[in-house]
Amino acid sequence: MVERDPALQTMLVVDKLSKKFGDFTAVDELSFEVDAGEVIGLLGPNGSGKTTTIRMLLGLLSPTSGTAFLLGHDIRTQAESIRSKVGYMSQRFALYDELTADENLRFYAGVYGADTPGRVEEVLAAVELSSAASLRAGDLPIGWRQRLALGVAIIHRPVFVFLDEPTSGVDPIARRLFWNRIYELADQGVTALVSTHHMDEAEYCQRVGIMRRGRLLALDTPSGLKQSALLGEAWDVYAEPLLRGLQAVQTAPGVYRATLASDHLRAIVESGQAAENLGSALRAEGLKEVRLERVQPTLEDVFLALASD
Amino acid sequence: MELLIDGRDLRHAYDALQAVDGVDLRVAAGEIVALLGPDGAGKTTLMRLVCGALRLQTGEIRLCGIDLRAHPDQARANLGYLPQQFSLYQELTVLENLRFFAEVRGVPASEWAPRAMEILDFVGLGEFADRRAGALSGGMRQKLGLAAALVHRPKVLLMDEPTGGVDPVTRQSFWQLLIRLLEDGVGVLISTPYMDEAARAQRVMFLSRGRVLAEGSPRELRAGLAGRVLELGASPLRAAGKVAAQDPEVEDVQAMGDRFHLRVAAGRLTEVERRLGEALRSAGCVVTSVRAVEPSLEDVYVHLLQAVSPAEAMSSAHG
């Protein structure tokens, strides 16, 4: 775990938060804290409890047990106070396709009572859509729509924003434009909690919580997760023919997991044993052109290691 | 190696929108090829052209050597297709669903039952044959979708974004199934917006606006940027990024959560690394790590996209 700066204000404290729907435990004793200006991610597949967590934190859904305090307010009893101070961008953005970008923002500014002079123009600039102000939301490319939805979520100057799967379906450049806006908000002290099922996207977060089946399996920086949460080492294995190599590696001693990765194999191997065990297993099968490379683990490697415990 | 999909000069326009704009697409037996691109890049349109759901406007496609335009039924007999949104009959059991798909695919009545069980065992649903499809978990539904696409033993399998949002554990076992299909000589074409998923394919085609920006094995694609990516960890992080962006030989600064990826001019890595260390120190930043890293597929894709639209590149690097 990284050391957190004690001088920073804690914006969110989640303590053993749980939600059951009948027999199904959607969120299972979730506990974590978030500091001011942090960009924190919840990474997990569909159904792992990310959106349910966000809905509880927004006060839209009451927890079965546990507590959470957002900006010092109890989510169970003070939802009204919370909602005026937080922003929320849902998976299905609430944009009016018939209205222009500018009109969408003006509408929501009115709803939140935030229609002070210049605010809409300021937000358009902040999400890099000034040049698109008079275009219909429905005509905007998806990456621009995502930034407009972000603009809607921050129109009332929230200090904490929830972003639920914000950048699905865009290319890396559009995603990066979006994330640069998040980082700028963070620099201004806005805290962001982002849910994603996207390993690539989780890499953008300062800290990532890995969720599965309602439980938080680990929470750390992406680098920290790769260093500490993964037992063993990641190796790329080149051998011909590949599929026979896969069988040999899967049954070699000390191999936790092996899979096909493009034109090579990827193996998670007990620390210190890899080169020797893998090499001899492959040579014993008579495979040619064996080459082994120690590589950086990915967040998916981490996820799989945590999920198999 | 035998070409199972051989598409040449494929184009498709929806009115004024050129969704696929001159793509050559080849998939060999025992190979997984990934179409990688964002929404609107043309992935699904290409898939629909290959499976014959959309009529070819130009070009030609041969499936297992058979011309799709001239002999659509014969050509498509060799094809299994798992669409992004596939429908199952919620009220029918797993086995009944499979029977339905087998009949649609013209599998003889005498053959469907043993084959269905064989395929259910293959995808790990053998013991759930009598469960209602509506009562399956997401991962099991995915596997039943795969079983339905395989029920007539196709030589070519098309999968449109098969594992988005699926539990990585399920995704892992899904890929293990694909590998076994490869051993039998099946060719697989998948579409995906995810770099990490594309990285598993033997060959990746980067698509943007209906065109192929680059094509090759992930290793070949990465090799184009070898020795040009620096990872930088420093504090305060954002200030360090601004310092890095000012270096004349840093072409691109990509913020990651707790670090940056910097793309450096060709052959200048050592020089930039040294110079950057000094610049950061004199700006009062503490450097926690600076090292050359293997370029990721995302680094490669961003580089390619910037080459086709440099204006966006500037605003994303320095905006």
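Remember, it's a predicted structure, so these values are computed and weren't measured experimentally.

Chemist: Before we go on, may I ask you to explain the overall build of chain A in this structure?
Modeler: Scanning chain A from terminus to terminus reveals 11 helices and 14 strands. Summarising its shape, the C-alpha atoms of chain A cover approximately 75 × 45 × 40 Å along the three principal directions. For chain A, the residues scored as buried account for 49% of the 309 residues in total.

Chemist: Just to check I follow, could you spell out the overall build of chain B for this structure?
Modeler: On a plain count of helices and strands, chain B comes out with 12 helices and 14 strands. Along the three orthogonal principal directions, the C-alpha set of chain B runs to about 80 × 45 × 35 Å. When contacts within chain B are restricted to residue pairs at least 6 apart in sequence, those whose partners lie at least 24 apart make up 69%.

Chemist: Looking at this model, I keep getting lost on the pairing of strand E1 (residues 3-14) of chain B. Mind explaining?
Modeler: Strand residues, when the strand is regular, have side chains that alternate between the two faces of the sheet. Residues and elements named next belong to chain B. In the sheet, E1 pairs with strand E2 (residues 17-28) via 9 bridges, with the strands oriented antiparallel. Within E2, the residue paired with leucine 3 across the bridge is alanine 28. The turn joining E1 and E2, which pair antiparallel and follow one another in sequence, is formed by 2 residues; a positive phi near 50 degrees is taken by aspartate 15. Pairing of E1 with strand E4 (residues 58-63) involves 5 bridges; the strand directions are antiparallel. Paired with arginine 8 across the bridge in E4 is glutamate 60.

Chemist: How should the sheet that holds strand E14 (residues 286-292) of chain B be read in this particular structure?
Modeler: Pairing between the strands of a sheet is mediated by backbone hydrogen bonds and can be parallel or antiparallel. Residue and element names in this part refer to chain B. Taking strand neighbours across the sheet as the criterion, the 4 strands line up as E12-E13-E11-E14 in an open arrangement whose pairing is antiparallel. What marks the edges here is a single partner per strand, and that holds for strand E12 (250-255) and E14. Taken over all neighbouring pairs, the strand axes of this sheet differ in orientation by 20 degrees on average, direction set aside. Sheet topology note: the E12/strand E13 (residues 260-264) ladder contains 5 bridges and is antiparallel.

Chemist: Mind showing me how you'd approach the domain arrangement of chain A here?
Modeler: All names here are of chain A. The domains assigned to chain A are domain 1 (10-227) and domain 2 (230-307). Taken over C-alpha atoms, the centre of domain 1 sits 38 Å from the centre of domain 2. With 11 residues of domain 1 in contact, the opposing surface of domain 2 contributes 10 residues. Secondary-structure elements contributing two or more residues to the side of domain 1 that touches domain 2 are helix H7 (199-202), strand E9 (207-212), strand E10 (215-220) and helix H8 (222-228).

Chemist: So what exactly am I meant to see when it comes to the interface of chain A and chain B here?
Modeler: One frequent convention defines the size of an interface as the accessible area lost when the parts assemble. Taken together, the contact pairs 42 residues of chain A with 40 residues of chain B. Elements that contribute at least two residues to the side of chain A that touches chain B include exactly helix H6 (172-187), H7, H8, helix H9 (242-250), strand E12 (255-261) and helix H11 (299-307) of chain A. A per-element tally of the side of chain A that touches chain B places H6 of chain A first, with 9 residues. Split by residue class, the side of chain A that touches chain B holds 21 nonpolar, 12 polar and 9 charged.

Chemist: Would you mind showing me how to read the nonpolar core here?
Modeler: Here is a general trend for soluble globular proteins: nonpolar side chains tend to be buried in one another's company. Within the largest apolar cluster, 185 residues are counted, with the highest numbers of intra-cluster contacts made by Val249, Ala267 and Leu278 of chain A together with Leu98, Ala147 and Leu158 of chain B. The contacts of leucine 278 of chain A, once residues within four sequence positions are left out, are Trp235, Val237, Val249, Ala252, Ala267, Val269 and Leu292 of chain A.

Chemist: Even after reading the chapter, I still don't get the pairing of strand E9 (residues 203-208) of chain B, so can you show me in this structure?
Modeler: Residues and elements named next belong to chain B. The buried count for E9 comes to 6 of 6 residues, which makes it a mostly enclosed element. Because side chains alternate across E9, one face comprises the buried residues Arg203, Met205 and Leu207, and the other comprises Val204, Phe206 and Ser208, equally buried. Alignment of strand E3 (residues 32-36) against E9, held across 4 bridges, turns out to be parallel. Across the sheet, residue valine 33 finds its bridge partner in E9, namely arginine 203. Pairing of E9 with strand E10 (residues 211-216), which is carried by 5 bridges, proceeds in the antiparallel orientation. Its bridge partner being in E10, methionine 205 is matched across the sheet by glutamate 215. Where E9 hands over to E10, the hairpin turn is made up of 2 residues, of which arginine 209 adopts a positive phi near 50 degrees.

Chemist: Can you help me understand the confidence of the model for chain B in this one?
Modeler: Regions with low pLDDT should not have their predicted coordinates read in detail. All names here are of chain B. Residue-level pLDDT values for chain B average 89, and 97% of them are 70 or greater. When the elements of chain B are averaged for pLDDT, helix H12 (residues 310-318) gives the smallest value, 43, and strand E5 (residues 66-67) the largest, 96. Under the prediction, the complex receives an ipTM of 0.79, its pTM being 0.86.

Chemist: How should the domain arrangement of chain B be read in this particular structure?
Modeler: Residues and elements named next belong to chain B. You can read the domains of chain B as domain 1 (3-219) and domain 2 (224-318). Spacing between the C-alpha centres of domain 1 and domain 2 amounts to 38 Å. Every contact between the two is made by 8 residues of domain 1 and, on the other side, 7 residues of domain 2. Counted by class, the side of domain 1 that touches domain 2 contains 7 nonpolar, 1 polar and no charged residues.

Chemist: Looking at this structure, how should I read the packing of helix H3 (residues 101-111) of chain A against helix H5 (residues 142-154) of chain A?
Modeler: Axis angle and axis distance: for two packed helices, these are the angle between their axes and the distance between the axes, and together they describe the pair. Residues and elements named next belong to chain A. Close contact between H3 and H5 brings their axes to 9 Å; oriented N to C, the two are set at 25 degrees. Viewed along their axes, H3 and H5 adopt a mutual orientation that is roughly parallel. Note that H3 runs across H5; the crossing there is right-handed. Along the contact surface, H3 presents Ala101, Asn104, Leu105 and Tyr108, while H5 presents Leu148, Gly151 and Val152. Looking at side-chain class alone, the contact of H3 with H5 contains 5 nonpolar, 2 polar and no charged residues.

Chemist: How should I be thinking about the sheet that holds strand E1 (residues 10-21) of chain A in this particular structure?
Modeler: Residue and element names in this part refer to chain A. Pairing in this open sheet of 4 strands is antiparallel, and the strands run E2-E1-E4-E5 from one edge to the other. Edge positions in the sheet fall to strand E2 (24-35) and strand E5 (73-74), since each has one partner strand and no second. The pairing of E1 with E2 spans 8 bridges and is classified as antiparallel. Paired with threonine 10 across the bridge in E2 is aspartate 35.

Chemist: Would you take a moment to explain helix H6 (residues 168-183) of chain B for this structure?
Modeler: Each turn of an α-helix holds 3.6 residues, which means side chains three or four residues apart point in the same direction. Given a rise of 1.5 Å per residue, 16 residues ought to cover 22 Å, and the 23 Å separating the end C-alpha atoms of H6 of chain B matches this to within 8%. Along H6 of chain B, the positions that sit buried rather than exposed are Pro168, Arg171, Phe174 and Leu181 of chain B. Each buried residue of H6 of chain B lies within a common arc of 115 degrees when the element is viewed along its axis, so the set occupies one face. Contact partners of the buried residues in H6 of chain B: H11 of chain A together with helix H5 (138-150), strand E7 (156-160) and strand E8 (187-192) of chain B. Among the residues trailing H6 of chain B, glycine 185 of chain B stands out with phi positive, at a value near 90 degrees.

Basis of the calculations
Residues numbered from 1 in each chain as written. Chains lettered and ligands numbered in written order. Predicted model: local features only at pLDDT ≥ 70, side-chain atom pairs only at ≥ 80, totals over all residues. Helix = DSSP H or I, 4+ residues; strand = E, 2+ residues; numbered from the N terminus. Buried ≥ 20, exposed ≤ 12 C-beta atoms within 10 Å, placed from the backbone. Contact = placed C-beta atoms within 7 Å. Pairing = 2+ DSSP bridges. Axes fitted to C-alpha atoms, helices over the stretch in contact; angles between N-to-C directions. Domains from an automatic or database assignment. Nonpolar A, V, L, I, M, F, W, Y, C, P; charged D, E, K, R; others polar. Core = buried A, V, L, I, M, F, W, Y, C linked by C-beta atoms within 7 Å. pLDDT = per-residue confidence, 0-100. Parallel < 35°, antiparallel > 145°, perpendicular 65-115°, else oblique. Left-handed = near helix turned anticlockwise from the far one by under 90°. Expected span 1.5 Å × (residues − 1). Arc of directions from axis to C-beta.

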